[in-house]
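# Descriptive structure summary
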Amino acid sequence: MKLTRPGFSILAKWLLILSLVTVPSLAWGQKNKSAPAPAAHSAPAPAAHSAPASHPSGGSGGASTANHGTTTANHGTTTTANHGTTTTANKGTTTTANHGTTTTTANKGTTTTANKGTTTTANKTTTSTTANKGTTTANKTTTTAAGKTTTATANKGATTTAAGKGTTTTAGKGATTTAGGKGTTAAAGGKGATNTAGKGGASTHAATKTVSTKSGNTARVNASGHVTSIKTSKGATITHGAHGTSRVSSARPGGGRLVNTGRHGGYGERGYRGRDGHRYMGRTYYRGGRYYAYGYRGGYYHGGYYYGYVSPYYYGPGFYGWAYNPWAAPVAYGWGWGGAPWFGYYGYYFNPYPVYASAALWMTDYVISQNLQAQYAAQAEANANAAAASDSGTQDAGQSGGGGGGVVLTPEVKQAIADEVKAQLAAEQAAAAAPQPAAAAAPAADTSADANPPEETPAALDPNHRTFIVSDVLNETGPDGQDCSLSAGDVVTRIEDTPDANKSVKVLVSASQKSDCASGSQVSVAVDDLQEMHNHFREQLDSGLKTLADNQGKNGLPAAPDTKTRANPDGQVKPDTSVKADLDAQQADADKAEADVQAQAGTTGQGND
């Protein structure tokens, strides 16, 4: 037993030595044969050096992190990123680059996070780009482009345009972003960003442009190629409305204006001195084959004259009181408009009161209806002429006016008009009660300037008059830089009292017809044009008073007192029968200018539609 134990001990020692030599060798060999496997578990060591951990990023799939030149491979994929290195990944890999990494190209759902001015291009439902410090921004005109479901970002004055289905565009400081395509969403971040999005395309429009022809005519053409106005070589101004209506205006030799309101008529003006020694303007209308005339008293204001309508006759004080004060009981009045084409056409815009508690409310509906009827007739005539000239086309007038929901002329807007009616009734009552001036020398044509005339605020700027009904087609520049029209029957509210250098003031569009300047928008209107609206309002007011006087005690109207009239000499004007020939000559010149502009400028016709 003593000999056996030492032998066993020596053998055990040799076996122990042999195992110490053999096991490491086997381990070393095994490691060389399966090196890729442990690589998947080696990420924690480099993680301590991963700088992007301090910057927000988004992505999906496994994580590959770059660390100062270290290279880790998986199924043939090589990832290298350090100070400007280019990284390429495939099959769902997520790559995070640090310190200005330049380009990441990925396929099939890759998510890329980049820092400091990275440019990223991806394909097929690719790409989210995230920049430094949590901001999704690409710096200084950097562009991120992708196909199908792209996200684009811009910063500091960059302009980014993204199109395609489901596109999302985000703009930074001062950027202008236009997004088109179905379901496009535009979002703006930062100061002063401007964003436009619309179904089926961008809604940003180019501003109205000016086109000059070789013949000396100058036209304004909107983004749709329609002529909105023309200044002819002979000094006339042609204004086109949104509904085919037009207006031609020019200075008349000897003073005054010649205004052609389409082919159905117009008016011409001549100056004269009134019995009170003031300057007056006589205006002769030619419509429907007949002449009629009104007088307008001139008032000097800020270097020029504005002319206000003068009633040709006055009623007795009792009649004005009957029209001003509430009636004893509300009146249901039958206008007879039910089958009229114009009434159906403007059903979306105008709805008369069911009953009338006073003449002021009755007059409100009367004045509105007169403007809409005139607008409808001019529109139908213009469209008929255009259709005859081209042997094609359809008439806008006569079809449905369109629109749904509430009527455009709201009760609040109509009440504002009714207040204007009452204010004017009170003014006419006061004028009727004032003593008449002594007769002066026979009136003579005279438009010369008076020596140091006193200032008189025109009705267009009177604080007591702020609501105006448009009486003829106008073209104004809207907030978007595009020309927009105002048509007869639209309603504006003056919101400024002091004219600018162009003798215009700002107005709020309180109610407008389809295709006209949008309700709620603000435009500048010439004081002359506002004065013309007020004059026409007063003309229609006198016409309405005559209708009331002729029908008092009939058709449900209460009986009125004192309906006799007396003439007002300063409002009595003899018609100028040369006006028709002048209007015809003016229209012929306008037609030549229209043809010249359309031929040379390549426009598509008139109007804003």
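Note that this is a predicted model, so its numbers are computed, not measured. (Residues numbered from 1 in each chain as written. Predicted model: local features only at pLDDT ≥ 70, side-chain atom pairs only at ≥ 80, totals over all residues. Heavy atoms only, no water.)

The next thing to look at is the overall build of the chain. If you tally the helices and strands in the chain, you get nine helices and 34 strands. In the chain, which comprises 609 residues, the proportion classed as buried is 42%. When contacts within the chain are restricted to residue pairs at least 6 apart in sequence, those whose partners lie at least 24 apart make up 54%. Carbon and sulfur atoms form 55% of the exposed surface of the chain, whose accessible area is close to 30300 Å². (Helix = DSSP H or I, 4+ residues; strand = E, 2+ residues; numbered from the N terminus. Buried < 20%, exposed > 50% of the residue type's maximum accessible area, 1.4 Å probe, protein only. Contact = heavy atoms within 4.5 Å. Areas by Shrake-Rupley, 256 points an atom, 1.4 Å probe, with all protein chains shown as cover.)

With that settled, consider the sheet that holds strand 19 (residues 246-251). If you walk across this open sheet you meet the ten strands as 15-16-17-18-19-20-21-22-23-24, and the pairing is antiparallel. Strand pairing shows two members of the sheet lacking a second neighbour, strand 15 (209-212) and strand 24 (304-310), which therefore form its edges. When strand polarity is set aside, the average angle formed by the axes of neighbouring strands in this sheet is 20°. Seen against the sheet, helix 8 (residues 527-551) touches strand 19, strand 20 (257-260), strand 21 (265-273), strand 22 (279-287), strand 23 (290-301) and strand 24 and runs at an angle of roughly 10° to strand 24. (Pairing = 2+ DSSP bridges. Axes fitted to C-alpha atoms, helices over the stretch in contact; angles between N-to-C directions.)

Residues Y349 and W362 are the most contacted members of the largest nonpolar core, which totals 45 residues. For this core, the secondary structure elements donating two or more residues are strand 25 (313-315), helix 4 (317-324), strand 26 (326-331), helix 5 (341-345), helix 6 (359-390), helix 7 (411-433) and helix 8. Ranked by the residues each element gives to this core, the list is headed by helix 6, at ten residues. Residues within four places of W362 in sequence aside, it is in contact with W327, Y333, W335, Y356, G544, T547, L548 and L557. One finds Y306, V505, V525 and V527 within the second-largest nonpolar core, a separate group that totals 19 residues. (Core = buried A, V, L, I, M, F, W, Y, C linked by side-chain atoms within 4.5 Å.)

This paragraph deals with the side chain of T284. Among the secondary structure elements, T284 is positioned in strand 22. By relative accessible area, T284 is classed as buried at 2%. Within the local environment of T284, its side chain forms a polar contact with the backbone nitrogen of D576, the two atoms lying 2.8 Å apart. Excluding residues within four positions of it along the chain, T284 makes contact with G266, Y267, G268, Y291, Y292, A293, K574, P575, D576 and V579. (Polar contact = N/O pair within 3.5 Å; in protein donor to acceptor, adjacent residues only side chain to side chain.)

Using the criterion set out here, one finds 18 salt bridges in the structure. Close ionic contact of D576 with R252 constitutes a salt bridge, the shortest N to O distance being 3.2 Å. Note that D576 is positioned in the loop between strand 34 (565-567) and helix 9 (579-601) and R252 in the loop between strand 19 and strand 20, a separation of 324 residues in sequence. A salt bridge links D584 to K580; its shortest N-O distance comes to 3.0 Å. In this pair, D584 and K580 both sit in helix 9, four residues apart, roughly one turn of the helix. Of the residues examined, D584 reaches a relative accessible area of 44% and is grouped as partly exposed. What you see here is one network of salt bridges that share partners, running through R252, R270, D576 and D582. (Salt bridge = Lys/Arg side-chain N within 4 Å of Asp/Glu carboxyl O.)

This next bit is on the packing of aromatic side chains. Taken as a whole and assessed by the stated rule, the structure comprises 33 aromatic pairs. On the basis of an interplanar angle of 35° and a centroid distance of 4.5 Å, the ring pair of Y315 and F319 is categorised as tilted. Residue classification places Y315 among the buried residues on the basis of a relative accessible area of 5%. For F319, a relative accessible area of 0% puts it in the buried group. A network of ring pairs unites the aromatic residues Y333, W335, W337, W342, F343, F350, Y353, Y356, W362 and Y366 as a single cluster. Positioned above the aromatic ring of Y296, the side-chain terminus of R283 is 4.5 Å from the ring centre. Above the plane of the ring of Y324 lies K422, whose end atom (NZ or CZ) is 4.7 Å from the centre. (Phe/Tyr/Trp six-rings, centres within 6.5 Å; stacked < 30°, edge-to-face > 60°. Lys NZ or Arg CZ within 6 Å of the ring centre and 35° of its normal.)

Let us look at helix 7. Counted at 1.5 Å a residue, the expected span for helix 7 with its 23 residues is 33 Å, and the 33 Å between its end C-alpha atoms agrees. Within helix 7, burial applies to V413, K414, I417, A418, E420, V421, Q424, L425, E428 and A432. (Expected span 1.5 Å × (residues − 1).)

Let us look at the side chain of E532. Positionally, E532 belongs in helix 8. Judged by its relative accessible area of 12%, E532 falls in the buried class. Here R283 takes part through its side chain, which lies 2.7 Å from a polar atom of the side chain of E532.

Looking now at the environment of R270. With respect to the helices and strands, the residue R270 is situated in strand 21. Classification of R270 by relative accessible area gives partly exposed; the value is 37%. Along the backbone, R270 and R252 are 18 residues apart, and their C-alpha atoms lie at a distance of 8.3 Å. The residues touching R270, leaving out its near neighbours within four places in the chain, are R252, P253, Y280, M281, G282 and D576.

Moving on to the confidence of the model for the chain. Low-pLDDT portions of the prediction should not be read for the details of their coordinates. Averaged over the chain, the pLDDT score is 72; the fraction of residues at 70 or greater is 59%. Across residues 440-444 the pLDDT falls below 50, and counting only partners more than four positions away or on other chains, this stretch makes six contacts in the model. (pLDDT = per-residue confidence, 0-100.)

All right, on to the sheet that holds strand 31 (residues 491-494) then. Taking strand neighbours across the sheet as the criterion, the four strands line up as 28-31-32-33 in an open arrangement whose pairing is antiparallel. Each end of this open sheet is capped by a strand with a single partner; those strands are strand 28 (467-469) and strand 33 (522-526). The sheet shows a mean angle of 45° between the axes of neighbouring strands, direction not considered. Pairing analysis gives five bridges linking strand 32 (residues 504-511) to strand 33, with the strands arranged antiparallel. Following the sheet pairing, V505 is matched in strand 33 by V525. Contacts from helix 7 reach strand 28, strand 31 and strand 32, with the element oriented near 95° to strand 28. Sitting on the sheet, helix 8 is in contact with strand 28, strand 31, strand 32 and strand 33, with an inclination near 85° to strand 33.

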